[in-house]
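Observations on the three-dimensional arrangement
These are the residues of each chain, in order.
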Amino acid sequence: MATLWITLAVVGGIAVVAFLSRLVWSLRPQADMAGTPPAPLERLGWIGLGVTTVVGVGLIVIVILVGTDFIDENTTARGTFWLLMIVGFGLWGASWYVIKRRSGGVVVDERDRAILARSFSVESLIVLLMLVTWTIALSEAFSEDGVMPIAYLQLIFWSTFVGGAFGRSLGIVMGYRRGIAVDA
Amino acid sequence: MPKASIANDIRRLRFEHDEMTQQELANRAGCTRQTIIVLEKERYVPSLSLAFSIARVFNKTIEEVFEYSGEE
């Protein structure tokens with residue numbers, strides 16, 4: 001049984017690396033679009049990628065250093081987590097306000113709305129993958145005990161929340177990099 | 001980025017209209033400058049309403065601004 005899980009983990013790991021490599025490659029600037037200033041929504045997408053990456057990595061570091069029940073048991077870790085969330089997402093929201101004021105003219109048009117609509121599919125995929133991973137991991141970890149610490153509920157929620165926001169930002173950036181040739 | 005199947009004369013028409021900038025055209029057509037850029041590179045097919053808005057800016061019909069070039 002252990003061999004099966006190891007094999008699945010290796011195959012899954014290779015698939016994830018291949019997928020991420022293709023994803024990163026698709027984000028390269030297109031040659032004929034070099035020098036084109038980013039659209040306001042694209043700027044917001046890049047900022048969102050940065051914010052959610054920092055918050056996500058921060059959450060992982062907190063869990064590694066303090067443990068999974070940090071939200072209930074450790075005031076410092078809980079404060080750090082909330083600070084990351086509030087500052088990170090607050091900056092993200094404020095950046096949209098600044099971007100809108102500096103843009104002048106139309107900020108979001110039909111092409112931007114089409115890209116925004118399609119970004120939902122990337123967000124959905126990442127949320128689904130995270131929920132599947134959590135379900136399998138927690139089922140395997142606590143199947144013998146039959147009970148799961150309640151701290152994991154909050155961990156599942158916040159990690160999926162941040163992952164979903166990351167997915168939405170990634171979908172937006174991919175939409176601009178890959179382009180939409182067909183109208184909405 | 002895939003090439004759109006509709007060609008256009010937006011860039012030429014802009015220069016013929018007192019060298020209108022992309023931003024000016026975007027403001028008058030109700031879209032962003034980046035959309036005008038990808039339109040001129042024929043990397044985006046506008047909706048009917050946007051196509052009409054752009055044609056109206058140049059006092060042209062849609063057919064005088066856009067041309068269907070077939071499937072890619």
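Here's a quick rundown of the structure. This one's a predicted model, so the numbers in the text were calculated from it and none came from an experiment. (Residues numbered from 1 in each chain as written. Chains lettered and ligands numbered in written order. Predicted model: local features only at pLDDT ≥ 70, side-chain atom pairs only at ≥ 80, totals over all residues. Heavy atoms only, no water.)

1. Side note on the overall build of chain A
When you go through chain A residue by residue, the secondary structure sums to 6 helices and 0 strands. The helix and strand sequence of chain A, counted from the amino end, reads α-α-α-α-α-α. Projected onto the principal axes, the alpha-carbon positions of chain A cover approximately 60 × 40 × 25 Å. Residues classed as buried in chain A amount to 38% of the 184 residues present. Look at the contacts in chain A between residues 6 or more apart in sequence, and 82% of them connect residues 24 or more apart. With an accessible surface of roughly 10,900 Å², chain A has 71% of that area assigned to carbon and sulfur atoms. (Helix = DSSP H or I, 4+ residues; strand = E, 2+ residues; numbered from the N terminus. Buried < 20%, exposed > 50% of the residue type's maximum accessible area, 1.4 Å probe, protein only. Contact = heavy atoms within 4.5 Å. Areas by Shrake-Rupley, 256 points an atom, 1.4 Å probe, with all protein chains shown as cover.)

2. Here we look at the overall build of chain B
Looking only at helices and strands, chain B has 5 helices and 2 strands in total. The N-to-C order of helical and strand elements in chain B reads β-α-α-α-α-α-β. Over its C-alpha atoms chain B spans a radius of gyration of 11 Å, differing by no more than 12% from the 11 Å that the globule rule assigns to 72 residues. Taken along its principal axes, the extent of the C-alpha atoms in chain B is 35 × 25 × 20 Å. Across the 72 residues that make up chain B, the buried fraction comes to 54%. Long-range contacts, defined as pairs at least 24 residues apart, comprise 62% of the intrachain contacts of chain B with a sequence gap of at least 6. For chain B, the computed accessible surface area is about 3,900 Å², with 46% contributed by carbon and sulfur atoms. Of note, chain B has its 10 positive side-chain charges centred 6 Å away from the centre of its 12 negative side-chain charges. (Rg over C-alpha atoms; globule rule 2.2 N^0.38 Å. Lys, Arg positive; Asp, Glu negative; His and termini not counted. Charge placed at Lys NZ, Arg CZ, Asp CG, Glu CD.)

3. Concerning the packing of helix α2 (residues 22-29) of chain B against helix α4 (residues 48-57) of chain B
Residues and elements named next belong to chain B. Packing of α2 against α4 brings their axes to within 9 Å, and their N-to-C directions diverge by 120°. As the angle between them shows, α2 and α4 are arranged oblique. As α2 runs across α4, the sense of the crossing is right-handed. Only L50, S53, I54 and V57 of α4 make contact with α2, whose side of the interface consists of L25, R28 and A29. (Axes fitted to C-alpha atoms, helices over the stretch in contact; angles between N-to-C directions. Parallel < 35°, antiparallel > 145°, perpendicular 65-115°, else oblique. Left-handed = near helix turned anticlockwise from the far one by under 90°.)

4. Notes on the side chain of T52(A)
Residue and element names in this part refer to chain A. In this fold, T52 is placed in helix α2 (residues 40-66). A relative accessible area of 2% means that T52 is categorised as buried. Among the polar contacts listed, one links the side chain of T52 to the backbone oxygen of G48, at a separation of 2.7 Å. Other than its neighbours up to four places away in sequence, T52 contacts F89, W92, V162, A165 and F166. (Polar contact = N/O pair within 3.5 Å; in protein donor to acceptor, adjacent residues only side chain to side chain.)

5. A closer look at a nonpolar patch on the surface
Residues and elements named next belong to chain A. On the surface, a cluster of nonpolar side chains totalling about 710 Å² of accessible area is made up of M1, L4, W5, L8, L128, V132 and I136. Mapped by element, the contributors of at least two residues to the nonpolar patch are α1 (2-26) and α5 (110-142). Following the sequence through the fold, V132 ends up in helix α5. (Patch = residues over 30% accessible without salt bridge, like charges linked within 9 Å, V, L, I, M, F, W, Y side chains within 5 Å. Salt bridge = Lys/Arg side-chain N within 4 Å of Asp/Glu carboxyl O.)

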